[in-house]
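Report on the structure
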Amino acid sequence: MGEAVLEDAAAQIGELAFMAAAAEHEPDWHPFVVIAARTGLRIGELVALRWHEDVDLERRRVTVQRSYSKKHGFQSTKNDKIRELPLTWDATEALRVQRSRVDGDLVFEDPELGVLRGSKANDALERIAESIGMRRITNHSLRHSFASHAVMKGISIRQVQEWMGHGSVVVTMRYAHLARSHGDELIQRLS
């Protein structure tokens, strides 16, 4: 096995262990963890997701149209781009579970404050990591993990850029080194 394949396998095992720990130790946060890990959305984008405008469970898609910050409230996304992401089967299932648990318009709400604060989400992620002796995990860690896995699985840099909402492919290129060995298999198509 190549080095990139081993890296990817180890990262996936860690991610699966983290999601399992969320289900066991912080079940209320499990859907959030799955959606964050499977979409790579920024914390403000996750907080701003609405059921009727942004989530389509039938088509297995999520549309990112806005973001939230404590300072500015709800606003357009970081690069003012609306983007649509496909959902994995487990992300779709996590959203179905979440839908059965919340009544409001927002996908992820704080029962006390209404709008979920990023710091509260990151505190939950930290507790999950601690429960299995893992290094500190933040939503941004899950975002990087999503991009890394996508590149290691051979998804084009341009596609990853689109899914991540990066304004420039230069930002996405920081993950390009993870795709090194994928070209070895592709070259065979030329012969």
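Each value, and the rule that gives it
- Residues numbered from 1 in each chain as written.
- Predicted model: local features only at pLDDT ≥ 70, side-chain atom pairs only at ≥ 80, totals over all residues.
- Heavy atoms only, no water.
- Salt bridge = Lys/Arg side-chain N within 4 Å of Asp/Glu carboxyl O.
- Helix = DSSP H or I, 4+ residues; strand = E, 2+ residues; numbered from the N terminus.
- pLDDT = per-residue confidence, 0-100.
- Buried < 20%, exposed > 50% of the residue type's maximum accessible area, 1.4 Å probe, protein only.
- Contact = heavy atoms within 4.5 Å.

**Here we look at the pattern of salt bridges**
- Evaluated as defined, the whole model comprises 13 salt bridges.
- Residue Glu45 is joined to Arg83 by a salt bridge in which the shortest nitrogen-to-oxygen separation is 2.8 Å. Of this pair, Glu45 sits in helix α3 (residues 43-48) while Arg83 sits in strand β5 (residues 83-86), and the two are 38 residues apart along the sequence.
- Salt-bridge contacts for Lys120 lead to Asp110; the nearest nitrogen and oxygen are separated by 2.9 Å. Placement of the pair is Lys120 in helix α6 (residues 118-131) and Asp110 in strand β6 (residues 109-110), with a sequence separation of ten residues.

**Describing the confidence of the model for the chain**
- Summing up the model confidence of the chain, the mean pLDDT is 85 and the portion of residues at 70 or higher is 83%.
- Averaged pLDDT values over the elements of the chain bottom out at 62 in helix α10 (residues 182-186) and peak at 98 in strand β1 (residues 55-56).

**Some words on helix α2 (residues 30-39)**
- Most of α2 sits out of view: nine of its ten residues are buried.
- Of the positions making up α2, those classed as buried are Pro31, Phe32, Val33, Val34, Ile35, Ala36, Ala37, Arg38 and Thr39.
- At the exit of α2 stands Gly40, carrying a positive phi of roughly 70°.

**Focus: the environment of Ile82**
- Mapping Ile82 onto the fold places it in the loop between β4 (73-75) and β5.
- The spacing of Ile82 and Gly165 is 83 residues in sequence and 8.4 Å in space, taken between C-alpha atoms.
- When near neighbours in sequence (up to four residues on either side) are disregarded, Ile82 contacts Thr63, Val64 and Gln65.

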